[in-house]
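Take a look at the letters that make up each chain.
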Amino acid sequence: MARPLERSLDVMVSTFHKYAGKEGDKYKLNKAELKELLLKELPSYISQKQSDEASFQKLMNNLDSNKDKEVDFQEYATFLACVAMMCNEDFQDYPDKMPRKM
């Protein structure tokens, strides 16, 4: 039986591959694929203001470290790590809201 962290890693990888390659390289997310992933899989992290086209283009440009106009798995994983660090900072500000141990 997989442990919670192992399941989380499986979800992280399978979610990337669920959206990657719908319109091209099956190992990368283009802007439309990234937008769909974020809106469907991380809706509580994307505000209405952030869901406009200019905001997605800015995010895409920031994530696309090799400037190939797509987000590969390493760039995606870096993004998720940054989101996780922001969540950790929020929990440190409100220790009574820390997730409970499993």
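The notes below deal with the structure included here. (Residues numbered from 1 in each chain as written. Predicted model: local features only at pLDDT ≥ 70, side-chain atom pairs only at ≥ 80, totals over all residues. Heavy atoms only, no water.)

## Description of the packing of aromatic side chains
Phase 1: Applying the stated rule across the entire model yields 3 aromatic pairs.
Phase 2: Both rings, one in F16 and one in F73, keep their centres 5.2 Å apart while their planes meet at 90 degrees; by these two values the pair is edge-to-face. Within this pair, whereas F16 is found in helix α1 (residues 4-19), its partner F73 is found in helix α4 (residues 73-93), the two being separated by 57 residues in sequence.
Phase 3: F16 sits in the buried class, given a relative accessible area of 0%.
Phase 4: Note on F73: relative accessible area 27%, which makes it partly exposed.
Phase 5: Consider the rings of F73 and Y76, whose centres lie 5.6 Å apart with planes at 50 degrees: the pair is tilted. Placement of both F73 and Y76 in helix α4 is noted, with a separation of 3 residues, approximately one turn of the helix.
Phase 6: The class for Y76 is buried, based on a relative accessible area of 4%.
Phase 7: An aromatic cluster of three or more residues is present, and its members are F16, F73 and Y76. (Phe/Tyr/Trp six-rings, centres within 6.5 Å; stacked < 30°, edge-to-face > 60°. Helix = DSSP H or I, 4+ residues; strand = E, 2+ residues; numbered from the N terminus. Buried < 20%, exposed > 50% of the residue type's maximum accessible area, 1.4 Å probe, protein only.)

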